[in-house]
Amino acid sequence: MKIDAWLKSNTFHHSTFWDLKQLVDEKERQNLKISLCIPTLNEENTIGKEIVIFRSELMTRYPLIDEIAVIDSGSTDRTLEVAASFGADTYFSGDILPSQGFKRGKGENLWKAIHQLEGDIIVYVDADITNIHSRFVYGLVAPLLYQPETQYVKAFYDRPLAFSQGIRPSGGGRVTEILTRPLFSLFFPELTALMQPLSGEYAVRRKVLEEIAFPIGYGVEISHLIDVYTKWGLYAFAQTDLDKRVHRNQDTRDLGKMAFGILQSFLNRAQQLDMIDVKAEVSSILRQFQTREQMFEQKQFTIVEEERPPIITVDEYREKFHA
Amino acid sequence: MNLSTIPPETLRQHVRECRDLLLANLVMTAETAAPTFGEANRVRFLLDRFRESGLDNISSDEVNNAVGFLPGTTGEKTVAVVAHLDTVFDPKENHALSLGPDRVKGIGIGDNSLGAAVLVTLPMLLRHLKFQPSYNLLLLGVSRSLGRGNLGGIRFLLENSPLKIDEAICLEGCPLGRLNYTSVAMMRGEISIQMPDEYDFSRFGVYGAIYRLNDIINRILEIPRPSRPQTSIVFGSIEGGNTFHQLAREAKLRFEVRSESDEVAGGILHHIRGIIDEVRARSGVRIDLEEIAWRQHGGISFDHPLVQLSRDVMRGLDIPPQIGPSMSELAALIAAKIPAVTLGLTHVHNVNTLEETVEIEPMFDGIAQVLGVLAGLDSKGDLS
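Structure report, in brief.

### What to know about the overall build of chain A
- Looking only at helices and strands, one finds 11 helices and 12 strands in chain A.
- Taking 20 Å as the expected radius of gyration for a compact globule of 323 residues, we find that chain A reaches 20 Å, a close match to that expectation.
- The dimensions of chain A, computed from C-alpha atoms along their principal axes, are 60 × 50 × 40 Å.
- The buried share of chain A, taken over its 323 residues, is 54%.
- Long-range contacts, defined as pairs at least 24 residues apart, comprise 75% of the intrachain contacts of chain A with a sequence gap of at least 6.
- For chain A, the computed accessible surface area is about 14,500 Å², with 52% contributed by carbon and sulfur atoms.

What follows is the structure, given as structure tokens:
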């Protein structure tokens, strides 16, 4: 089975890469630049700690990353002030590539980062992690440094400290197990081997990032996986177990919105690849229900998964990186 | 570099340049839970950091102290820098920190994760300053300090280490300006009352454990306490019973006796034992006194060169000294006849609560002060 072989060769635990000096040597040998992008929206409580840990551990002590940039969607709290006070480069997403306009969403920040940052490898790490540690970056960068054929390294979180039985289920969050993995099982069975396809932490080579489209909202991760898979195959991926990730928990209604966006992106991709034929017009309104004074009422959310094209198609980008 | 000639503002600036390293060490130290008797993970972190800093003779011992050694250029004496590693918090509490531009919030951050973080950052700070002391520097992250730990870590080291310590500086997160060079006699105890299942209420009266404990408290309050030597009895915690309407079958009191005299403290404890014996005999309930921690009175004088040096450094950095006795590691060092001071590192709010917060900017003064004292020890020679 291809999946079994891939799991064996391309699934890692971060502890394998404990020797940061060796990683830095390898990076220097390959003459690579590595950039860290932290997309934010109102993350003042956690952003400071992330910046301090990454700067201290991966820039000052072991110079593995060359720049840290916080790319923000328009926070109304002190996210950018806190990040800047600890030495991160901070950007409002709307100020990057202004000719392309501004769309509010995490995917937009990730896409703009490709233009703003200089790295040959870009690492994306969410800003809401409360147990932040340098492994969240080096664990993802390492497979790219040691395996030239690897293009895209995804984080997953596993390894409970104690488990009473020999076999235990291993997998992702609620949206992954209820939506994403069943969809992959139907249409892209090999992608089911990614333990947490929706995790917000991944490291990717620039040459791949510039060739793929970016949904600006919830669909960015799933469409990345499908695009990279169809273009470069399963062996372009690796995944690293980063142990435990502590972050704020989302309620079921928020997960419903996320699932709605993911499903839109998935259907778009499946249609583009001629895997399905959606004949009906698809609504972009998610309807959820609540009761008020014993009456049921609708709440409608318009969720449109707009998409940014591969950034290589943008003139300013080509001038900056491929002149 | 001769640190004692560096102007305070320059020294402070050097420390500020190491802010990220310090704060990262603070985050990693404080987010590693270290309840008393459960410091192993924090010790592992310290040892890793000591190793990466190139210290010699890095080791741990059977009570989980973390030890690192930086040989001096001449090594004619050894100065220990000590920080206790344990905190009062259960590992199940959320140990995640929140880091803002001016403050860090998290449990145990001031007492004493900051002290431990400064200890592990010290080799990097010294390297940044290009300062290599002539004396040997012994970095000690000590375990089992608080509560029932009863300074077990530092006592074990002092009793078992072959290395002679000539002077010592103890690091405590709070407050900035703290300058301790004496310790008071102290005894901490726990009185537990338990009503036996077969208790004969008809013979002894319908009184529960809380009533009996109240009786003991009233009797303790009647014990004469001299104003000189200054002596006090602190009732720190009380618990007992479960409901509104049933007599409590159990009650517990935690208390502390403090005195500037070992004899007076001992006398009060003797008195308390007598009260307990009498109430036990009179009431027929089970009453136990567990003596949890002891300190001896002692210290060095206000004009001891180490205290003088600390005060001079603090004056240079505009840190007003807050002088008082200590019951932490200093007490064990003093009992072992080692001249020592305790220095505080920053301003701390809500210490030992879930809202514990430290201020960042004053840390630079607090750490500059430690470096200043270390530099002074280099230039002043043997202070003992």
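### Overview of the side chain of Arg-206 of chain A
Residue and element names in this part refer to chain A.
- You can see Arg-206 is positioned in helix α8 (residues 206-209).
- Despite its burial, Arg-206 pairs with no opposite charge; the closest candidate is Glu-210, at 5.2 Å N-O.
- At a separation of 2.7 Å, a polar atom in the side chain of Arg-206 contacts the main-chain carbonyl oxygen of Ile-114.
- Setting aside chain neighbours within four positions, we find Arg-206 in contact with Ile-114, Leu-117, Glu-118, Gly-119, Asp-120, Ile-122, Tyr-317 and Phe-321.

### A look at the packing of helix α9 (residues 220-232) of chain A against helix α10 (residues 252-272) of chain A
Residue and element names in this part refer to chain A.
- The geometry of α9 relative to α10 is characterised by a closest axis approach of 8 Å and an angle of 25° between their N-to-C directions. One way to sum up the angle between α9 and α10 is to call them roughly parallel. Seen from above, α9 lies across α10 with right-handed handedness. Two secondary-structure elements touch here, α9 through Ile-222, Ser-223, Ile-226 and Asp-227 and α10 through Ile-262, Ser-265, Phe-266 and Arg-269.
- For the contact of α9 with α10, the residue count by class is four nonpolar, two polar and two charged.

### Here we look at the environment of Thr-342 of chain B
- Within the element layout of this structure, Thr-342 of chain B appears in strand β16 (residues 340-344).
- Distance from Thr-342 of chain B to Glu-329 of chain B, taken between C-alpha atoms, is 8.4 Å for residues 13 residues apart in sequence.

### With respect to the nonpolar core
- By size, the foremost hydrophobic cluster in this structure holds 113 residues, and its most contacted members are Phe-54 and Val-123 of chain A together with Val-104 and Leu-374 of chain B.
- Apart from residues no more than four positions distant in its own chain, Val-104 of chain B is found in contact with Leu-23, Leu-26, Leu-97, Ser-98, Leu-99, Ile-109, Glu-356, Thr-357, Val-358, Ile-360 and Met-363 of chain B.
- Among the nonpolar cores identified, the runner-up in size contains 49 residues, and Ala-69, Ile-122, Val-208 and Leu-209 of chain A belong to it.

Thresholds, definitions, all that
Residues numbered from 1 in each chain as written. Chains lettered and ligands numbered in written order. Predicted model: local features only at pLDDT ≥ 70, side-chain atom pairs only at ≥ 80, totals over all residues. Heavy atoms only, no water. Helix = DSSP H or I, 4+ residues; strand = E, 2+ residues; numbered from the N terminus. Rg over C-alpha atoms; globule rule 2.2 N^0.38 Å. Buried < 20%, exposed > 50% of the residue type's maximum accessible area, 1.4 Å probe, protein only. Contact = heavy atoms within 4.5 Å. Areas by Shrake-Rupley, 256 points an atom, 1.4 Å probe, with all protein chains shown as cover. Lys, Arg positive; Asp, Glu negative; His and termini not counted. Salt bridge = Lys/Arg side-chain N within 4 Å of Asp/Glu carboxyl O. Polar contact = N/O pair within 3.5 Å; in protein donor to acceptor, adjacent residues only side chain to side chain. Axes fitted to C-alpha atoms, helices over the stretch in contact; angles between N-to-C directions. Parallel < 35°, antiparallel > 145°, perpendicular 65-115°, else oblique. Left-handed = near helix turned anticlockwise from the far one by under 90°. Nonpolar A, V, L, I, M, F, W, Y, C, P; charged D, E, K, R; others polar. Core = buried A, V, L, I, M, F, W, Y, C linked by side-chain atoms within 4.5 Å.

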